[in-house]
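# A look at the structure
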Amino acid sequence: MEPISAQRQIVLTGLPRSGTTLTCHLLNKLPDCVALHEPLVPLELTRYSNLDLIKTLYNFFVAQRQQILSTGTGVSKSFGGEVPDNPVAGVDPSTGKRIRLLDGRLVYVKKKIATEFYLVIKQPAFFTAILKDLVTANLFNCFAIVRNPLAVLLSWNSVEMPVSQGRAPAAEAFDINLKANLDRILDIHDRQIFLLDWFFQQYIKYLPMDHILLYEETIKTAGRSLAVINPNAQYLKGFLESKNNNSLYDTKLKVILLEKLLKQHQGAFWAFYNKDYLFNL
């Protein structure tokens, strides 16, 4: 297979629970575009050096492109053979927390696609931790999704995922400083805020601002703001509902987290969201 332009090899990262899966779901509606939801197992890749890791990821892109073209399937967490708009749509009756509703490791590509289709691979924590190397390799076009920081924290506390404890194993495995800092923070919510800020810092440090996409703009435009990733997104139609003020979120916790966020005067998230965004949630 001939080398594919980096513009069509899309690395998608972002805050956990920021709408990265929704982004994949929307991009999969486009012609000549396939978006895969967390097909990699990051903890199986820790043995690689930085250079070898990037080569391995590039080869994975190549292999997935060939598999999709030859078999009509791609490796991806899925539900009913598709990437859902929200992978955490179930509720655990014993805890009241939301749980993942995924039932497969393949997506089925039922549309005709050209050889040079847009291939999007999404891994939020893992790709964030190695973002510098991904960007400097010049083999991929890298984007990140961010969301109202208070809504993100409330979502983290409503799910059965490591972020509910202020941890991100797939990122910590590749960033020992992040792990060491999180280990030192005893309070769960303080740890979550530190982790939240780390994500934002990575994006500000390594991505151009137009490659950092706001969940709120995706909702407002019904996905058309994703045209920066794939121009065909400008033709998306429909209506999307914001989940920022989700009824499942704990109202008492909302007050606690808001107070903690407002004390973070140097928080990297302030580059995207002012205090009005938080108060109006």
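Just above sits the structure.
Our subject in this report is the structure included herewith. Note that the structure is a prediction, hence the values are computed from the model and not measured.

Take the overall build of the chain next. The helix and strand inventory of the chain stands at 11 helices and 9 strands. For the chain, whose C-alpha radius of gyration is 18 Å, the value lies close to the compact-globule estimate of 19 Å for 281 residues. Across the 281 residues in the chain, those meeting the buried criterion constitute 52%. In the chain, of all internal contacts separated by at least 6 residues, the share reaching a separation of at least 24 is 78%. For the chain, the exposed surface amounts to about 13,200 Å²; the carbon and sulfur share of it is 53%. Distance between charge centroids for the chain: 2 Å, based on 31 positive and 25 negative side chains.

With respect to the helices and strands, the residue His-211 is situated in the loop between helix H8 (188-206) and strand S9 (212-214). Taking C-alpha positions, His-211 is 23 Å from Lys-55, a pair spaced 156 residues apart along the chain. If near-sequence neighbours (up to four positions away) are discounted, His-211 is found in contact with Asn-141, Cys-142, Phe-143 and Ala-144.

This part is about the sheet that holds strand S2 (residues 33-37). Pairing in this open sheet of 5 strands is parallel, and the strands run S2-S7-S1-S8-S9 from one edge to the other. Of all the strands in the sheet, just S2 and S9 have a single pairing partner and so form its edges. Taking the axes of each pair of neighbouring strands and ignoring which way they run, one obtains an average angle of 25 degrees across the sheet. Summarising the sheet, S2 and strand S7 (residues 118-122) pair through 5 bridges and their orientation is parallel. Looking across to S7, one finds that Cys-33 is bridged to Tyr-118. The sheet strands contacting helix H2 (residues 50-71) are strand S1 (9-14), S2 and S7, and the helix crosses S7 at an angle near 125 degrees.

With that out of the way, let us pick up the packing of helix H5 (residues 149-156) against helix H10 (residues 251-262). Contact geometry of H5 with H10 gives a least axis separation of 10 Å together with a crossing angle of 135 degrees. In terms of their interaxial angle, H5 and H10 are classed as oblique. The handedness of the crossing between H5 and H10 is right-handed. Contacts between H5 and H10 involve Pro-149, Leu-150, Leu-153 and Leu-154 on the former and, on the latter, Leu-253, Lys-254, Leu-257, Leu-258 and Leu-261. Here the residues of the contact of H5 with H10 sort into 8 nonpolar, no polar and 1 charged.

It is worth spelling out the pairing of S2 at this point. Here S2 lies mainly inside the structure; 5 of its 5 residues are buried. Neither face of S2 is exposed, since Cys-33, Ala-35 and His-37 on one face and Val-34 and Leu-36 on the opposite face are all buried.

The next thing to look at is the packing of helix H7 (residues 176-184) against H8. Viewed as axis vectors pointing N to C, H7 and H8 meet at an angle of 160 degrees, and their least axial separation amounts to 9 Å. As the angle between them shows, H7 and H8 are arranged roughly antiparallel. By crossing handedness, the relation of H7 to H8 is classed as right-handed. Of H8, the residues touching H7 (which contributes Leu-178, Asn-181 and Leu-182) are Arg-191, Phe-194, Leu-195 and Trp-198. For the contact of H7 with H8, the residue count by class is 5 nonpolar, 1 polar and 1 charged.

Criteria and cut-off values
- Per chain, residue numbering runs from 1 following the sequence as it is written.
- Given that the model is predicted, a residue must reach a pLDDT of at least 70 before its local features are reported, and side-chain atom pairs must reach 80 or more before they are shown or counted; all residues, however, enter totals for whole chains, interfaces and linings.
- With hydrogens and water excluded, all non-hydrogen atoms of the structure serve as input to the side-chain values.
- Counting from the N terminus, the helices are DSSP H or I runs at least four residues long and the strands are E runs at least two residues long.
- Only the C-alpha atoms count toward the radius of gyration. The rule for a globule is 2.2 Å times the residue count to the power 0.38.
- Partly exposed describes any residue whose relative accessible area lies between the buried limit of under 20% and the exposed limit of over 50%, with all areas from a 1.4 Å probe on protein chains only and scaled to the type maximum.
- Two residues qualify as a contact provided that any one of their heavy atoms is within 4.5 Å of a heavy atom in the partner residue.
- Exposure was quantified through the Shrake-Rupley algorithm and a 1.4 Å probe, taking into account, for residues, occlusion by the shown protein chains and nothing else.
- A positive count includes Lys and Arg, and a negative count includes Asp and Glu. His and the chain ends are not counted in either.
- A charge is said to be at NZ when it belongs to Lys, at CZ for Arg, at CG for Asp and at CD for Glu.
- A pair of strands counts as paired when DSSP detects no fewer than two bridges linking them.
- Only the stretch in contact is used when fitting a helix axis, every axis being a line fitted to C-alpha atoms; angles between N-to-C directions are given from 0 to 180 degrees.
- These descriptions rest on fixed angle ranges, namely under 35 degrees for roughly parallel, over 145 for roughly antiparallel, 65 to 115 for roughly perpendicular, and the rest for oblique.
- Handedness of each helix crossing follows the sense of rotation of the near helix against the far helix: counterclockwise by less than a right angle gives left-handed, clockwise gives right-handed.
- Side-chain classes follow a simple rule in which Ala, Val, Leu, Ile, Met, Phe, Trp, Tyr, Cys and Pro form the nonpolar group, Asp, Glu, Lys and Arg form the charged group, and the remainder, Gly included, forms the polar group.

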